[in-house]
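Results of the structural survey
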Amino acid sequence: MLETIQEYDYWAAVVNTLELTLWGALWALVLGTVLAIMRLSPVRVLQWAGAAYVTIVRNTPLTMIVVAANLIIWTQLKINLADPQSSTYIVDNGMRLGILAVAVYHAAFVCEALRAGVNTIPLGQAEAARSLGMTFPQSLTQVILPQAFRGAITPLGNALIALTKNTTVVVAIGVAQVSHAMRRMIEFRPDLLFQIFGLVALTFVAITLPMGLVTGWAAKKWAVQR
Amino acid sequence: MRKTTYRIAAAVAAAALALTACGGDSGSSAGGDSKKIKIGTKFDQPGLGLKEGDNMTGFDVDVAKAVAKKLGYEENQIEWVESPSPQRETMLDAGTVDLIFATYSITDKRKEKVQFGGPYLVAGQDLLVRADDTEITGPDALTGKVLCSVSGSTPAEKIAKEYPGVQLQEYDTYSLCVEALAAGQVQALTTDDAILAGYAAQEKWAGQFKLVGKPFSEELYGVGVKKGSDLCEKVNTALTELFDDGSMDKIVADNLGPANYTPNPATNPAKPGGHCG
């Protein structure tokens, strides 16, 4: 088992999974926040566009988004996300397309988590901000969002855990990460099937369990006292 | 107004239920034929084993039909069962299928679990390139080029290990590789030559691709048979007859001919026998 782990570069695959998770989560947070602002804004067109994005993306299977990212952006539109002359062109390109797909998909969930956070804020806060003469951007950045983030830590943590496990889907476009290593190990060592499954399961527990603990602790620490 | 809407919705739902119920009961139509043979094949491999509606086509399917005929089964006595690669040994062992014709390479590891009739074709790992490509003449010419294969598959691993200078793009299916090859984002596609020929022979891609024609591995395609079954030697006799009367050449030409595929002459025609028991 140990030599199989080494032969198929399992730890390198784990590092790639972490990389996908980190960058995917970061971009999902940025994009999701923008979407949430659109949905909260007083502009009808933005509200509509934000709602349309969330509805469409949230209801599309992640596998389709991953394959579409590769098939549309790279295969058909021929847009390279990495330098074609580089010796790691396909590896980098696949990784970036994977991050893009994961971020695009989870942004919809981040947006909804933030809106849930906004709902924890009493309506009087927004009204008070407006009666003080604050503009929408001012009340958003100084009153609404800071409290929304603090109220949304738990649902954001859930989205992060889901994102971590969903990074396995990018194997569909050949990005080397844990599920890719698992597939190769099973192809050549079917006799170790259960050990390999066990290893992969443990790896994800080891990554996501601390996430749950940290968000639980953070949600308590930063909860808005009312 | 509300009520009518609900009624319409209920009627539509009921109709949908009734329709699905009708579609699901094809299994009971066996009727009088007591003698049936269950043959496992791929359902999703163009040119080799493909199911379109109720119609089965492909090289493996035609070989299976011809062998079944020699064994005394007409076409309507064949029950086709899908046999995906990872499940083949288990399906034979459990008796889900009697014979498997599914690009099934004879290997020592597999012979520990099942026996093989055949081989009926010696395939080999080859490259598929665009028809106007003159640069790629073999795996050595691939350095710096983008090659496509299925993730975690044996051909993909072989390339990654033996030709580290190649950029390997992997997908879940060869169909996506073919799309990328047609669009020009990958320069070659690799797996067994017979499988490549199956994709190149599809009407959609007629004339767009060619096989490089220098196989760099040997895959003996055999007929999977359960251990201990006496069918194995009978299959070998049937296959030998098919080679002798020229039917095999015709089956190859019918299915893989449009891709200008001829089995590697150095290793073909295959000599059935020696892998039973």
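Residues numbered from 1 in each chain as written. Chains lettered and ligands numbered in written order. Predicted model: local features only at pLDDT ≥ 70, side-chain atom pairs only at ≥ 80, totals over all residues. Heavy atoms only, no water.

Turning next to the domain arrangement of chain B. All names here are of chain B. According to the domain assignment, chain B contains domain 1 (37–123 + 219–259) and domain 2 (125–211). Here the C-alpha centroids of domain 1 and domain 2 sit 25 Å apart. Together domain 1 and domain 2 conceal approximately 950 Å² of surface at their shared face, both sides included; 64% is due to carbon and sulfur atoms. Here domain 1 is connected to domain 2 by 0 salt bridges. Where domain 1 meets domain 2, there are 2 residue pairs in polar contact (both at pLDDT 80 or more). If you list the elements that add at least two residues to the side of domain 1 that touches domain 2, you get strand S2 (44–45), strand S7 (115–123), strand S13 (219–225) and helix H9 (247–256). Considering only residue class, the side of domain 1 that touches domain 2 consists of 8 nonpolar, 5 polar and 2 charged. (Domains from an automatic or database assignment. Buried area = accessible area lost by both parts, 1.4 Å probe. Salt bridge = Lys/Arg side-chain N within 4 Å of Asp/Glu carboxyl O. Polar contact = N/O pair within 3.5 Å; in protein donor to acceptor, adjacent residues only side chain to side chain. Helix = DSSP H or I, 4+ residues; strand = E, 2+ residues; numbered from the N terminus. Nonpolar A, V, L, I, M, F, W, Y, C, P; charged D, E, K, R; others polar.)

Time to look at the sheet that holds strand S3 (residues 49–52) of chain B. Residue and element names in this part refer to chain B. Pairing is antiparallel in the open sheet, where 3 strands are placed in the order S2-S3-S4. The open sheet is flanked by S2 and strand S4 (55–57), the only strands paired with a single partner. For S3 and S4, the ladder comprises 3 bridges, and the chain directions are antiparallel. For Glu52, the partnering residue across the bridge sits in S4 and is Asn55. (Pairing = 2+ DSSP bridges.)

We now examine the layout of surface pockets. In this structure, the largest pocket occupies an estimated 1800 Å³ of space. Forming the boundary of the largest pocket are 44 residues, of which Glu187 of chain A together with Ser85, Pro86, Arg88 and Arg110 of chain B lie nearest the centre. Breaking the lining of the largest pocket down by element, the ones donating at least two residues are helix H9 (178–188) of chain A together with S2, helix H3 (88–94), helix H4 (108–111), helix H5 (154–162), helix H6 (174–183), strand S11 (188–192) and helix H7 (193–200) of chain B. For the lining of the largest pocket, a count of residues per class yields 12 nonpolar, 15 polar and 17 charged. (1 Å grid on protein atoms, 1.4 Å probe; cavity = no way out; pocket = protein on both sides within 12 Å on 5 of 7 lines; lining within 4 Å. Points joined across faces, edges and corners; volume = space filled by probe spheres on them.)

When H5 of chain B is considered as a whole, its buried residues turn out to be Pro155, Ala156, Glu157 and Ile159 of chain B. Where H5 of chain B is buried, its residues meet H9 of chain A together with strand S8 (125–130), strand S9 (146–150), strand S10 (167–171), H6 and S11 of chain B. (Buried < 20%, exposed > 50% of the residue type's maximum accessible area, 1.4 Å probe, protein only. Contact = heavy atoms within 4.5 Å.)

Moving on, we get to a nonpolar patch on the surface. Side chains of Leu22, Trp23, Leu26, Trp27, Val30 and Val34 of chain A sit close together on the surface and give an oily, nonpolar patch of about 610 Å² of accessible area. Its place among the elements puts Trp27 of chain A in helix H2 (residues 10–40). (Patch = residues over 30% accessible without salt bridge, like charges linked within 9 Å, V, L, I, M, F, W, Y side chains within 5 Å. Areas by Shrake-Rupley, 256 points an atom, 1.4 Å probe, with all protein chains shown as cover.)

A separate point is the side chain of Thr215 of chain A. Relative to the elements of secondary structure, Thr215 of chain A occurs in helix H10 (residues 193–221). Within the structure, Thr215 of chain A has its side chain in polar contact with the backbone oxygen of Gly212 of chain A (distance 3.1 Å).

Time to look at the state of the cysteines. All names here are of chain B. Here the structure, examined in full by the defined rule, presents 2 disulfides over all chains. The disulfide that involves Cys148 links it to Cys177, with 2.1 Å between the sulfurs. With the S-S dihedral at roughly -75°, the linkage between Cys148 and Cys177 falls on the left-handed side. In this pair, Cys148 sits in strand S9 while Cys177 sits in helix H6, placing the two residues 29 residues apart along the sequence. By the burial criterion, Cys148 is buried, and Cys177 matches it. Across chain B, the disulfide pattern expressed with sequentially numbered bonded cysteines is 1-2, 3-4. (Disulfide = S-S within 2.5 Å.)

This next bit is on the side chain of Ser105 of chain B. Residues and elements named next belong to chain B. Take Ser105: it is sitting in the loop between strand S6 (99–100) and H4. Accessibility expressed as a relative area gives 6% for Ser105, which makes it buried. Residues in contact with Ser105, not counting those within four places in the same chain, are Arg110, Phe116, Asp192, Glu219, Leu220 and Tyr221.

So, about the interface of chain A and chain B. Listed as interface residues are 25 residues of chain A and, on the opposing side, 20 residues of chain B. When chain A packs against chain B, the two sides together hide about 1900 Å² of surface, and 47% of this comes from carbon and sulfur. If you sort the residues of chain A by the area they bury against chain B, Trp74, Ile90 and Phe188 of chain A come out on top, with a joint share of 26%. Taken together, the links from chain A to chain B amount to 3 salt bridges. A salt bridge links Lys161 of chain B to Glu7 of chain A; its shortest N-O distance comes to 3.9 Å. Our count for the contact surface shared by chain A and chain B stands at 14 residue pairs in polar contact (both at pLDDT 80 or more). Looking at the side of chain A that touches chain B, the elements that each hand over two or more residues are helix H4 (62–76), helix H5 (89–119) and H9 of chain A. For the side of chain A that touches chain B, the element with the highest residue contribution is H4 of chain A, accounting for 6 residues. For the side of chain A that touches chain B, a count of residues per class yields 11 nonpolar, 9 polar and 5 charged.

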